[in-house]
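So you can see what is in the structure, the chains are spelled out below.
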Amino acid sequence: MKYFVELAGRQFEVEIEAAGVRVDGELVPAALEPLPGTPLQQLRLGDRTLVFAVESTARGEWVLAYRGERWEAAVVDERTRHVRSLTGEGRQKVGAGEVKAPMPGLVLRVLVVPGQQVDAGQGVVVLEAMKMENQIKAPAAGVVEAIHVEQGRAVEKGQVLVVLAPSEPPGGGAGVA
Amino acid sequence: MTPITRVLVANRGEIALRIIRACHEEGLEAVAVYSVADRLSPHVRASDLAVEIGPAAPSESYLRIDRLLDVARETGAQAVHPGYGFLAERAAFAEAVEAAGLVWIGPPSTAIRAMGDKTEARRRMRAAGVPVVPGADAPITEIAVALALASEMGYPVMVKATAGGGGKGMRVVHAPDELAPALATAASEALKAFGDPGVYIEKFIERPRHVEIQVLADATRTVHLGERECSVQRRHQKVVEEAPSVAVDAALRARMGAAAVAAAAAVGYRSAGTCEFLLAADGSFYFLEMNTRIQVEHPVTELVYGVDLVREQLRIACGLPMTVPDGVLVPNGWAVECRITSEDPANGFMPSTGHLEFLRVPAGPGVRWDSGFEVGNDVTLHYDSMVAKLIVWGRDRDDALRRIVRALDELVIVGVATNQGFQRRLVTDPAFAAGDIDIQFLDRRPDLAAAPPSEALTRAAAIAAALAEDAARRARKPAIAASDDDHSAWLAAARAEGRR
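The structure displayed is predicted, hence computed values, not measured ones.

### Some remarks on the packing of aromatic side chains
Right, so step 1: Per the stated rule, a full pass over the model turns up eight aromatic pairs over all chains.
Right, so step 2: Note that R81 of chain A overlies the ring of F4 of chain A, its terminal NZ or CZ placed 3.7 Å from the centroid.
Right, so step 3: Across the ring face of F432 of chain B, the terminal group of R397 of chain B is positioned such that the distance to the ring centre comes to 5.0 Å.

See below:
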């Protein structure tokens, strides 16, 4: 089975075979095995062993962590990718989405206005928590569609602060491209 | 004095656990207090008696002097250890404890008060012959006076606003002819920023290190236990501490130690305390302030001097002499501490919260882990963001740094984002490894906050994601995964995928 893994802004083709995985045409002996009773999975890759914390956040969506490094991965198989490219369906999240409060806090400033184009990583709201000012940033480029908070408002963890729309329609409909 | 058999630990988290451990090793019982939010914290389980003192908010629990004294009375504790933070440097708490006929495990309230007023402390230190940053606290009114002062303390000097803060009205002056214009500009800036044109000058210390001296005093002796280097700071929060310091040799240690002992003696100090100094590149050092309590980073001193500072505090409070020998103490080897915090460096060091799903604590030779969290605990926003202190000992600095890298690589924390990766980049950074640090080190190195993982590791993560997805699909739909040629079934699955 061949999978397309979108991770760290890149795409990897990983073909799973009986003897291991084929990545970029190279066959490597590989196996992943959960460590029972933990959120950890042990990856054997050739003669190396690495332990990842692996969590599924939605179907085909994974969060992996290793020694404090963290990745989000979207995994689709070849057929799904093909179907998506034909139907134009797919993950259209790139450049769109909700900016949520990562913690409870107080909105000190709203840095954007509706209709404004923002870049990935641009601050949209300044939230005060633990007596520290924290700039909440846009996860991707987009256009501010709605602002759900105002200055001085207390917000809960996970509350939507700002909604971003994609700045341009995703090309080709293939969210994985 | 009634003998002390039971100690109230008026704190939470790792320091509460640290104190409880010391009590038990000294043969004393420990009474823990906890807020509702902390009812499942390790310090509660470790104690002999534990009493809930209020809601999560510190003002309604850990800062309630009346409640803490009630608990001491109800549980029959004869002494109170305040830890650090919360009420530890509140002279009023020490006084209330003393007034209640209990023993305060710390310095006399008079010493806390004397060191708590920073201007007053500066004056007393100057009188005791402890070097402070040279300068005039009074506003400059005549340029001639400023010139005389500047040439006396030596250039460069810093012009500062008396009402100041935030860099407004501040100017570094390198030569006498720059002084008059700098004073004028600073005064006008200060007037605009603070409505007060008052400016003063003090000695400008270029790229100073933060080096502090540990002091311990019993009824008859005051000794120092060398230095800790704490220059690596972010927003005035220490990030990595070590003992000894690459910048301090035996002669400088003796001079700084003598100054710290003099500072402690000047306020009638008892118990453990720390004098913080700025150390300039030329070896001159200047008193900043004295922390009249046990400090977060005390373990690095313990590891190189073979002393348990908290047990010494308990002994001193019990009226016993400290066990530290007389004479010049020499640090053995090197100790390094990394503060593991629930801050996400990839996200501007945003505080992160969550449920600790899994924790693998580093172990093996020379590794110490001081933490107030175990698996199952929640990391919340009620208290500070320090999850643990990872401390190692090595025979020299290189050895200690290799060991802390090894220990950081063993550490697994699942459930909350931490600065673990940042700490690893920091302790393996060539400039840090060379000891080339000062208090602005992290300001110059935003690159340490986030660095892309290696190609090989990124590829491994992608492979793990693909294998995890494959396993999940097999678990969900064994029939489909098993028969790849079942055309209609896979098409249905693919359509379902596509519609998601």
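After presenting the structure, the write-up continues.
### Section: the domain arrangement of chain A
Right, so step 1: Domain boundaries assigned for chain A yield domain 1 (2-87) and domain 2 (97-166).
Right, so step 2: Centre-to-centre separation of domain 1 of chain A and domain 2 of chain A, based on C-alpha positions: 31 Å.

### Side note on unusual backbone geometry
All names here are of chain B.
Right, so step 1: Of note, the amide linkage connecting Y155 to P156 takes the cis form, showing an omega dihedral of 0°.
Right, so step 2: Structurally, P156 can be placed in the loop between α7 (143-153) and β6 (157-161).
Right, so step 3: The omega torsion across A243 and P244 is -5°, close enough to zero to call that bond cis.
Right, so step 4: Here P244 lies in the loop between β11 (237-243) and α9 (250-266).
Right, so step 5: You will see that S271, though not glycine, has its phi angle at about 75°, which is positive.
Right, so step 6: Structurally, S271 can be placed in strand β12 (residues 271-279).
Right, so step 7: Taking relative accessible area as the criterion, S271 reaches 1% and is therefore assigned buried.

### Some remarks on the nonpolar core
All names here are of chain B.
Right, so step 1: Grouped together as the largest cluster of nonpolar side chains are 38 residues, with contacts concentrated most on V7, C23, L216, L225, I294, L314 and V324.
Right, so step 2: Only β1 (6-9), α1 (13-25), β2 (29-35), β10 (222-234), α10 (298-305), α11 (309-317) and β21 (386-394) provide two or more residues apiece to this core.
Right, so step 3: With six residues, the single largest contributor to this core is α1.
Right, so step 4: Each of domain 1 (6-105) and domain 3 (209-448) gives at least three residues to this core.
Right, so step 5: In contact with I294, not counting residues within four places along its chain, are I15, H81, G83, Y84, A272, L309, V310 and Q313.

### Side note on the sheet that holds strand β9 (residues 69-77) of chain A
Residues and elements named next belong to chain A.
Right, so step 1: The strand order across the open sheet built from nine strands is β4-β3-β2-β1-β9-β8-β7-β6-β5, with neighbouring strands paired in antiparallel fashion. Edge positions in the open sheet fall to β4 (26-28) and β5 (30-34), since each of these has one partner strand only. For this sheet the average axis-to-axis angle between neighbouring strands, irrespective of direction, equals 30°.
Right, so step 2: In this sheet, β4 lies alongside strand β3 (residues 20-23) in antiparallel orientation, the contact comprising three bridges. Bridge assignment links V23 to a residue of β4, and that residue is E26.

### Considerations on the domain arrangement of chain B
Right, so step 1: Entries for chain B in the domain assignment read domain 1 (6-105), domain 2 (143-203), domain 3 (209-448) and domain 4 (456-499).
Right, so step 2: The straight-line distance from the C-alpha centre of domain 1 of chain B to that of domain 2 of chain B is 46 Å.

Calculation rules
Residues numbered from 1 in each chain as written. Chains lettered and ligands numbered in written order. Predicted model: local features only at pLDDT ≥ 70, side-chain atom pairs only at ≥ 80, totals over all residues. Heavy atoms only, no water. Phe/Tyr/Trp six-rings, centres within 6.5 Å; stacked < 30°, edge-to-face > 60°. Lys NZ or Arg CZ within 6 Å of the ring centre and 35° of its normal. Domains from an automatic or database assignment. Helix = DSSP H or I, 4+ residues; strand = E, 2+ residues; numbered from the N terminus. Buried < 20%, exposed > 50% of the residue type's maximum accessible area, 1.4 Å probe, protein only. Core = buried A, V, L, I, M, F, W, Y, C linked by side-chain atoms within 4.5 Å. Contact = heavy atoms within 4.5 Å. Pairing = 2+ DSSP bridges. Axes fitted to C-alpha atoms, helices over the stretch in contact; angles between N-to-C directions.

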